[in-house]
Amino acid sequence: MTAGILQGIRIVDMTSVIFGPYCTATLAEMGAQVVKIEPSNGDEVRRVGRPVVNRGMGPCHMTLNRGKRSVVWNLKSERGQAAIRKLIARSDVFIHNLRLDAIERIGLGYEAVKALRRDIVYVHCSGFGSDGPYADRAAYDDIIQAASGAASLLPRADGNAAPRYLPMALADKVSGLHAVHAVLGALFHRERSGQGQKVEVPMFESFTHFLLQEHLYGRAFVPPNDPPGYPRQLDSQRQPMRTLDGYIAIAPYTDERWVRFFEVTGQSQFLHENGFDSAKARFNALPKMQEKMAELLPAQTTQDWLDLMSRHDIPATRVNSLEQVFDDPHLNAVGFFRTRHHPTEGDYLELKPPVRFAGAGEATVSPAPLLGEHSETVGKELDEG
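Bear in mind the structure is a predicted one, so any value in this text is a computation, not a measurement.

## Considerations on the pairing of strand 2 (residues 33-38)
For strand 2, the buried fraction is high: five of the six residues fall into the buried class. For strand 1 (residues 10-14) and strand 2, the ladder comprises four bridges, and the chain directions are parallel. Bridging from a neighbouring strand, D13 pairs with K36 of strand 2. Read from strand 1 through helix 1 (residues 19-29) to strand 2, the crossover connection turns out right-handed. By the bridge criterion, five bridges tie strand 2 to strand 3 (residues 68-72) in an arrangement that is parallel. By the bridge assignment, E38 is partnered in strand 3 with V72.

## Observations concerning the packing of aromatic side chains
Scanning the model with the defined rule gives 14 aromatic pairs in all. With centroids separated by 6.2 Å and ring planes inclined at 35°, the aromatic side chains of Y134 and F204 adopt a geometry described as tilted. Residue Y134 is found in the loop between strand 5 (121-126) and helix 6 (141-148), and its partner F204 is found in helix 9 (residues 203-215); the two are separated by 70 residues along the sequence. Considering the side-chain rings of F336 and F337, the 5.0 Å spacing of their centres and the 85° angle between planes classify their relative orientation as edge-to-face. Residue classification places F336 among the partly exposed positions, given a relative accessible area of 22%. The positively charged end of R232 is found above the aromatic ring belonging to Y253, 4.5 Å away from the centroid.

## Observations regarding a nonpolar patch on the surface
Side chains of I5, V355 and F357 sit close together on the surface and give an oily, nonpolar patch of about 260 Å² of accessible area. Assignment of secondary structure puts V355 in the loop between strand 11 (346-351) and helix 18 (375-384).

Thresholds applied
- Residues numbered from 1 in each chain as written.
- Predicted model: local features only at pLDDT ≥ 70, side-chain atom pairs only at ≥ 80, totals over all residues.
- Heavy atoms only, no water.
- Buried < 20%, exposed > 50% of the residue type's maximum accessible area, 1.4 Å probe, protein only.
- Helix = DSSP H or I, 4+ residues; strand = E, 2+ residues; numbered from the N terminus.
- Pairing = 2+ DSSP bridges.
- Right-handed = clockwise from strand over helix to strand, strands pointing away.
- Phe/Tyr/Trp six-rings, centres within 6.5 Å; stacked < 30°, edge-to-face > 60°.
- Lys NZ or Arg CZ within 6 Å of the ring centre and 35° of its normal.
- Patch = residues over 30% accessible without salt bridge, like charges linked within 9 Å, V, L, I, M, F, W, Y side chains within 5 Å.
- Areas by Shrake-Rupley, 256 points an atom, 1.4 Å probe, with all protein chains shown as cover.
- Salt bridge = Lys/Arg side-chain N within 4 Å of Asp/Glu carboxyl O.

Any functional reading would require information beyond the geometric quantities listed.
Here is the structure:
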């Protein structure tokens, strides 16, 4: 274990819930020193989950705020203002998700912070871009999934007309990763130019940019030559399929592998009988080929199909439940799940950072902090200079 690739980078984190904290946790995994400034009642995510919710050490906090130190200062007081200003002056990055009027009220707008450190990287995790009509609106994952079109995707795939959220904090986490690369890009720019800058990471624009990479589809051209929505992703047949004893995901994907799938299952005649004799014809017939695959799979067990697909280099996997993910042989072989001990909460599960840097070792990441655990320590460090 080493200090990590971001050794020496100091971050003041005034974000909450998932968007910003996922960004700063990822940076902490790379070795950045993150001080999390919390209100007296703590980040809202501390209170999510049971049974440790009363101690402010909920399960999402244990994951999203690992590697950070927690400080509780009253930023409306003279002492709190003095402390935060000292901390910012000695830090490389200041990141927050307050609305612009709120951050200005506590004296931490960009110009005020820039006066404390000329080359500061100032990152605002906002709901909506500051130059649009939604700029002052609050945003949460549900709001962004609805506004971006994400909630319309499942109806297009399964025929149930009711809009639905994708059941994860997808917009929050995608936006958090946008914030990660925004911080890294700004730090790289500062390294080259010596200049800091103000960075805005709007959640609505970040997630819509992510969503439309394939779903822009025919609207990529002016005038459009097709409606938006990538047909392959919206194919109602392109789903996990039932086997004799469970479910499997098989993704031939390339034309050559589709042909091979029907060959190794003894169904080559299906392609010829239906006129699917060219790559173009097969591409246009993907829904029908998926439908035929679904007809074949219940004849054998999941493991039988996995063995056959493996022998013929056709991508396939069993469909894990959330519970089964913890027993996945690959994840266990690479040490993805690690049991660690928290000084007050006991044993907990840590997720190994997925990105590896060959030129720098893995940073030692501290457990998620108790509320205000480091207020006194950080204060003393600032007083000592």
